[in-house]
Amino acid sequence: MEILAVSGLSFTYPQCQSPALKNIGFTLEKGDFAVLCGATGSGKSTLLRMLKRELAPMGDMRGEISFCGKALSDLDDRTSAASVGFVAQRPEQQIVTDKVWHELAFGLENLGVKPDEIYRRIAEMASYFGINDWFDRDTAELSGGQKQLLNLASVLVMQPQLLILDEPTAQLDPIAAADFTATLKRLNQDFSLTILMAEHRLEDVVPICDR
């Protein structure tokens with residue numbers, strides 16, 4: 001099943017003469033674990049943000065992006081928010097609440113999910129990620145690795161079909177980075193979650209990715 005299709009995608013930022021992206025094309029099938037690699041400034045973050053409609057930069061876009069056979073621009077707001085998950089490079093910039101449990105619930109609350117369903121989903125997610133012990137802690141007290149794991153859990157509790165990650169281990173120490181990468185592989189194997197990840201630590205991710 002084709003999850004994502006990009007065809008002839010080009011993008012130029014305002015007041016720039018040369019495009020940041022030029023004629024990009026690829027597809028992702030359900031369960032793919034793909035790594036996007038390239039030098040700093042080559043357009044990786046621009047491409048990934050264009051695949052998450054709410055984060056797409058302003059500028060001149062040409063080409064097509066489709067999600068599950070439908071144009072990304074035609075998705076309703078709820079589907080767009082929940083079905084395409086995004087984890088950014090800096091953990092602190094994605095956390096929006098003061099408590100771990102509230103961070104897990106925040107996305108579901110904004111989607112209008114019923115309270116009983118929210119409680120069930122965040123309990124399951126906390127158990128899967130092994131974060132029960134810091135469920136009631138302040139988010140400001142967490143380490144960088146814990147914050148990024150919380151960001152990942154907060155996205156996955158909304159049950160996305162596609163997970164996009166923009167250099168998620170860049171701010172983590174080597175041990176935390178290895179643990180985070182291992183968690184991604186487990187998610188891909190356990191749930192056939194489709195993953196597209198930009199990463200510089202290729203020695204950690206190339207051995208476990210499909211493409």
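Reading the values: rules and limits
- Residues numbered from 1 in each chain as written.
- Predicted model: local features only at pLDDT ≥ 70, side-chain atom pairs only at ≥ 80, totals over all residues.
- Heavy atoms only, no water.
- Helix = DSSP H or I, 4+ residues; strand = E, 2+ residues; numbered from the N terminus.
- Rg over C-alpha atoms; globule rule 2.2 N^0.38 Å.
- Buried < 20%, exposed > 50% of the residue type's maximum accessible area, 1.4 Å probe, protein only.
- Contact = heavy atoms within 4.5 Å.
- Areas by Shrake-Rupley, 256 points an atom, 1.4 Å probe, with all protein chains shown as cover.
- Lys, Arg positive; Asp, Glu negative; His and termini not counted.
- Charge placed at Lys NZ, Arg CZ, Asp CG, Glu CD.
- Pairing = 2+ DSSP bridges.
- Salt bridge = Lys/Arg side-chain N within 4 Å of Asp/Glu carboxyl O.

Caption draft 1: Structural context of the overall build of the protein chain. The number of helices and strands found in the protein chain is seven helices and eight strands. Here the C-alpha radius of gyration of the protein chain, 17 Å, is about what a compact globule of 211 residues would show, namely 17 Å. In terms of overall dimensions, the protein chain has a C-alpha envelope of 50 × 40 × 35 Å along the principal axes. Residues classed as buried in the protein chain amount to 48% of the 211 residues present. Residue pairs in contact within the protein chain that sit at least 24 positions apart in sequence constitute 71% of those at least 6 positions apart. Accessible area for the protein chain stands at about 10500 Å²; split by element, carbon and sulfur atoms hold 50% of it. Computing the positive centroid from 20 side-chain charges and the negative centroid from 29, the protein chain places the two 3 Å apart.

Caption draft 2: Up close: the sheet that holds strand E4 (residues 60–67). The strand order E2-E1-E4-E5 describes an open sheet built from four strands, whose pairing is antiparallel. Across the chains shown, the open sheet's two edge strands, defined by having one partner strand only, are strand E2 (21–29) and strand E5 (70–71). Here strand E1 (residues 2–12) pairs with E4 via seven bridges, running antiparallel. Its bridge partner lying in E4, Val6 is registered against Ile65.

Caption draft 3: Representation of the pattern of salt bridges in the model. What the rule picks out here adds up to 11 salt bridges. Salt-bridge contacts for Glu167 lead to Lys44; the nearest nitrogen and oxygen are separated by 3.9 Å. Of this pair, Glu167 sits in the loop between strand E7 (162–166) and helix H6 (174–191) while Lys44 sits in helix H1 (residues 44–50), placing them 123 residues apart in sequence. Among the residues examined, Glu167 registers a relative accessible area of 11% and is labelled buried. Since its relative accessible area comes to 6%, Lys44 is described here as buried. Members of the salt-bridge network, linked through shared partners, are Glu117, Arg120, Arg121 and Glu124.

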